[in-house]
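Close look at the chain arrangement
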Amino acid sequence: MSILDAINGRWPDLLAELAGLTPEQLTDKHQPCPLCGGKDRYRFDNQDGTGSWYCNQCGGKDQAGGGGSGMDLLMRRMGWSFAEACKRIEQHLGVIPEPPTAGAESIWHYTSTFIVTRFPGKRIRPLSWDGETWRWKAPPAPRPLYWSRRDPSAPVLICEGEKATDAAQRLFSSAACCTWPSGCKAIDKADWSPLAGRRCVLWPDADQPGREAMARLAPKLLKAGAAQVRIVQPPSDVPEGWDLADATWTPAEASAYLKANRSVPIALPELAAEPEPEPIIDPDPLPATGEHFTCLGFDNDSYYYQPNSTGQVTRLSRSSHTGTNLVALAPLSYWESLYPSKTGANWTAAAGSLFAQQAVAGVYSPDSIRGRGAWWDNKRTILHLGDRLIVDGAPQRTSDGISDSAYIYQRLASLHGPNGAKPLSDAEAFEIGVLAERFHWEVPASGLLLAGWVTLAPICGALSWRPHAWLTAGAGSGKSAVLEKYVGPLLGDMGLVVNGNTTEPGIRQALRADALPVVFDEAESNERSDQMRMQAVLGLARVASSESKAHTLKGSPEGDTQRYTIRSMFLMSSIATALKQGADKSRFAQLTLRNPNDIPKDERIAHWESLERDLDRCISEATGQRLQARTIALIPTIRASVRIFTRAAAEAFDSQRLGDQYGTLLAGAWSLQSSEVVTREQAWKLIEQNNWEPYSQATEVPDEKRCLQRILQHQLRVEGDKTVTRTVSELVELALHHGNDLNVTAELAEATLGRNGIKAESDLLYVSNTANAVAAMLSDTPWSNCWPTVLARLAGAGRPGVTRFRGMSGTSRAVSIPVATI
């Protein structure tokens, strides 16, 4: 069935909605022609439902008089081609998807392709269909009116805003109540032609902008052909901004007030004869989300905006709200129309309005900005590729934003990402995991962990725990092949690859708000400067592991505070690791390749030739894009599997930290085997199939134990018949008669310990709270000034009070520690 067959009999509705014809113009009686004007030239006879019409001046095939079809009338009235008219008709008939209005409190339908929505926080946003997709913007001018009730014979009551219009309709049921879109600043962009011949009453809001808007609207309506225009004076005893939605009247009370407070009919000649008043600047703030930019909030002297043209967050200081900077937010015509002056735009008034709106938006939070990468937002998967978003599989422009999201996805340099690739099947993905296990690992489970890391890295922003890995190997072990032939192609451009002398500030500033993995090759720590640099990088990785509200704060030369929240998974690669602290060891899975000298040469060569052939066959950038497409589609499943694996791994390792670390990596590896959420039984089976002993030791040692170890490992000079050095631990054993030493007796050990503020007696170790020698042992450590408090946390520790130490002058308070704890 053709489109013409589908719309047969529906022309009155189509011409009213799409061409703006009034019910009077859609009757079979002689009247002025909506195309050429004049008197008694036109009638709409709609024979056989075809929308037929007649005009003795412009109708007919040659537009020299005669009849025409409904399609002809629509095309000529709107200036559309036949294809454009068909497309608009299809849209009107519902051949368009439902608009994305989830989360909206109220929805007002202007036409089938234009609606206005209201979200929590009084955010009003227009939504229009552009022929291809829904856009969060108003349609081009002239824009249609919103009607609560359509009645061509009823008087018209015009209010400011859809909510007030609906309230007015409840109070004045015999009227046809309407409004225009986008507020009082957009009167000139509305189509007022449907009010030709109508009697109109204008009811402004109880504020200066509302009164000024209706005063400007009155002559426009008269020029558009309105039969009569009156203006109602709002009550004087109501709050600023009051409208009919706030009224508590009955319909009778409302009618009485209108009759008593409406003006006499306004005459166009009188208005035209008066000099045009100087425009009054609207003191109301701009809408938070406007046609050209969004106000994001303020922070001290800084104000933040997101222009729709660039999509990037822009910072302006208070003094920078000049014409040059404001035209970067919106075109000059925008400012001139809203804030006119005799010389163009009133920039002071524009800045004042922006400051007011930014005060409403509140304090700007960098947490609301999300860069490139995969994210979990309100139970939705969002892939931010710089210039576009993929929201639950549906692509859209970054500048369109996400209406019901608390986050702002700013426009950045584009990434290819999955690039629309077809996701890998379970069988194809399984082969990716098998290849990782075929490298020669010291611990076979390392291949499983590497596969899990590579799989999860592109979606690290959607994870609550982000595990890291450290690839170590000697020369000729295949470390470069792991990075270049496996990790690199599978990550594609969804990662930050650095090496050599890269610093923590460099990584931090390159990432900014991006949630992308970091691959750091040649992460060596040979020189002292290298060690300091790598410890700073590890500090960044440490805070990136967990999803918390903590920020990294850095000062700037301008005196501003810069905030960073890093959400990356790190893969370090070097000959040896720089992991020193337990907090780092428990966050990095150490993946070590076997020494090639431990493998027979023939076996090594044959193995590598086979593996390299399969890597070349199976691993490529195209494979990486398909793997990313699979992983992104499985984000909800992977998140569910992570919860199951972390619980199982925490039990297996007897450590929640290790459960988070290895459970998350195993969930990534599992997603290469199955598209389903893992069961508890399957998770335990995968854990039990591997030897985890080398990884189960990577626990973080508590501060109190590290402090005690530092004291016990300190070497003291023992002066007897022969001067020797012994550790505190060795002297404690001798003092308690638990050891033998030809050069140090128990009495000499006790005296040496006592001079240094330590005493061993009755299976207890006493450490002085004030001894300078203990402070010297702990110099350059976090416990140099607080060791009594820290040591008191040890199991069985006590505070015996005043204690005498042999060789020290006087007494000292101390902490007692059971020797069994050491």
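Structure's up top.
Residues numbered from 1 in each chain as written. Predicted model: local features only at pLDDT ≥ 70, side-chain atom pairs only at ≥ 80, totals over all residues. Heavy atoms only, no water.

1. A few points about the overall build of the chain
Quick reminder of the rule: Here a helix means four or more residues in a row that DSSP labels H or I, a strand means two or more in a row labelled E, and each is numbered from the N terminus. Our radius of gyration looks at C-alpha atoms and nothing else; its globule reference is 2.2 Å times the residue count to the power 0.38. Relative accessibility under 20% of the residue-type maximum defines a buried residue, over 50% an exposed one, and the middle range a partly exposed one, all with a 1.4 Å probe and only protein chains included. Two residues qualify as a contact provided that any one of their heavy atoms is within 4.5 Å of a heavy atom in the partner residue.
Check the secondary structure of the chain and you find 28 helices and 37 strands. A globule of 822 residues ought to have a C-alpha radius of gyration of about 28 Å, yet the chain, at 38 Å, is considerably larger. Out of the 822 residues belonging to the chain, those deemed buried represent 48%. Partitioning the contacts of the chain with sequence separation of at least 6, the portion at a separation of at least 24 is 63%.

2. Section: the sheet that holds strand β8 (residues 134–135)
Test applied: Strand pairing follows a simple DSSP-based rule, namely that at least 2 bridges must link the two strands. All axes here are fitted lines through C-alpha atoms, helices being fitted over the stretch that makes contact, and every angle between N-to-C directions spans 0 to 180 degrees.
If you trace the four strands from one edge of the open sheet to the other, you get β5-β6-β7-β8, paired in antiparallel fashion. Here the strands that pair on one side only, and so sit at the sheet edges, are β5 (106–111) and β8. One ladder, built from five bridges, connects β5 with strand β6 (residues 114–119); its direction is antiparallel. Within the sheet, the bridge partner assigned to W108 lies in β6 and is V116. Against the sheet, helix α5 (residues 162–171) makes contact with β5 and β6, and its axis sits at roughly 85° relative to β5, the strand it touches most.

3. Observations regarding helix α22 (residues 680–688)
In plain terms, the rule: The arc in question is the one traced by the directions running from the helix axis out to the C-beta atoms.
When we look at burial in α22, the residues that qualify are A683, L686 and I687. Across the axial projection of α22, the buried residues extend over an arc of 100°, all falling on one side. Every exposed residue of α22 that faces more than 90 degrees away from the buried side is listed here: E681, K685 and E688. Those residues of α22 that are buried lie in contact with α13 (445–456), α20 (635–653) and α21 (656–670).

4. Re the pattern of salt bridges
Here is the rule: For salt bridges, the criterion is a side-chain nitrogen of Lys or Arg within 4 Å of an Asp or Glu carboxyl oxygen.
Under the definition given, this model contains 26 salt bridges. Where D377 meets R380, a salt bridge forms, and the shortest distance between an N and an O atom there is 3.7 Å. Assessed through its relative accessible area of 3%, D377 is described here as buried. A salt bridge links R533 to D530; the nearest nitrogen and oxygen atoms lie 3.2 Å apart. Taken as a pair, R533 and D530 lie in helix α16 (residues 528–544) at a separation of three residues, close to a single helical turn. Because the salt bridges share partners, they merge into one network encompassing E431, R438, D614 and R617.

5. Looking at the packing of aromatic side chains
What counts, and what does not: When the centres of two rings from Phe, Tyr and Trp lie within 6.5 Å, Trp using its six-membered ring, the rings pair. Their planes under 30 degrees apart give stacked, over 60 give edge-to-face, and anything left gives tilted.
Evaluated as defined, the whole model comprises 23 aromatic pairs. Each ring, one from Y110 and one from Y146, has its centre 5.5 Å from the other, and the planes form 45°; the classification is tilted. Here the residue Y110 occupies a position in strand β5, and Y146 occupies one in strand β9 (residues 146–147), the gap between them amounting to 36 residues. For Y110, a relative accessible area of 2% corresponds to the buried category. Since its relative accessible area comes to 8%, Y146 is described here as buried.

6. Section: unusual backbone geometry
P142 follows A141 through a cis peptide bond whose omega is 0°. Within the secondary structure, P142 sits in the loop between β8 and β9. Although it is not a glycine, S182 sits at a positive phi angle of roughly 75°. Mapped onto the secondary structure, S182 falls in the loop between β11 (176–179) and β12 (199–203). The exposure class of S182 is partly exposed, given its relative accessible area of 43%.

7. Observations regarding the sheet that holds strand β34 (residues 758–761)
Strand order in this open sheet of four strands is β34-β35-β37-β36, and the pairing throughout is antiparallel. Where the open sheet ends on each side, the last strands, each with one partner, are β34 and β36 (798–804). Going from strand to strand, the sheet's axes swing by 30° on average, the running direction of each strand aside.

8. As for helix α3 (residues 70–78)
The complete set of buried residues in α3 reads G70, M71, L73 and L74. What you see down the axis of α3 is that its buried residues fit within an arc of 160°, all on one side.

9. Describing the pairing of strand β15 (residues 302–307)
Burial of β15 is extensive: six of the six residues sit out of reach of the surface. Burial along β15 is two-sided: the residues S302, Y304 and Q306 and Y303, Y305 and P307 are all buried. With six bridges connecting them, strand β14 (residues 293–299) and β15 associate as antiparallel partners. Bridging from a neighbouring strand, T294 pairs with Q306 of β15.

10. Remarks on the side chain of R143
Short version of the rule: Nitrogen and oxygen atoms within 3.5 Å of one another constitute a polar contact, given that in protein one can donate a hydrogen and the other can accept it, and given that sequence-neighbouring residues count only through two side-chain atoms.
Inspection of the secondary structure assignment puts R143 in the loop between β8 and β9. According to the relative accessible area criterion, R143 is buried, its value standing at 4%. Only 3.4 Å separates the side chain of R143 from the side chain of S182, close enough to count as a polar contact.

11. Re the side chain of S52
Position of S52 among the secondary structure elements: in the loop between β2 (37–44) and β3 (53–55). Within the local environment of S52, its side chain forms a polar contact with the side chain of D45, the two groups lying 2.5 Å apart. With sequence-adjacent residues up to four places away left out, S52 is seen in contact with F44, D45, N46, Q47, G68, S69 and G70.

12. Examining the pairing of strand β31 (residues 588–592)
Within β31, four of the five residues are buried, which leaves it mostly tucked inside the rest of the structure. For strand β25 (residues 468–472) and β31, the ladder comprises five bridges, and the chain directions are parallel. Paired with A469 across the two strands is A589, which belongs to β31.

13. Here we look at the packing of helix α25 (residues 728–735) against helix α26 (residues 746–755)
In a pair of packed helices, the angle between the axes and the distance between the axes together describe the arrangement. Quick reminder of the rule: When an angle is under 35 degrees it counts as roughly parallel; over 145 it counts as roughly antiparallel; between 65 and 115 it counts as roughly perpendicular; any other value is oblique. Less than a right angle of anticlockwise turn of the near helix away from the far helix marks a crossing as left-handed, whereas a clockwise turn marks it as right-handed.
Following both chains from N to C, one finds α25 and α26 inclined at 130°, their axes separated by 8 Å at the closest point. Here α26 runs oblique to α25, going by the angle between their axes. Once α25 is placed against α26, the crossing between them reads as left-handed. Listed contacts from α26 to V728, L731, V732, L734 and A735 of α25 are A746, A749, E750, T752 and L753.

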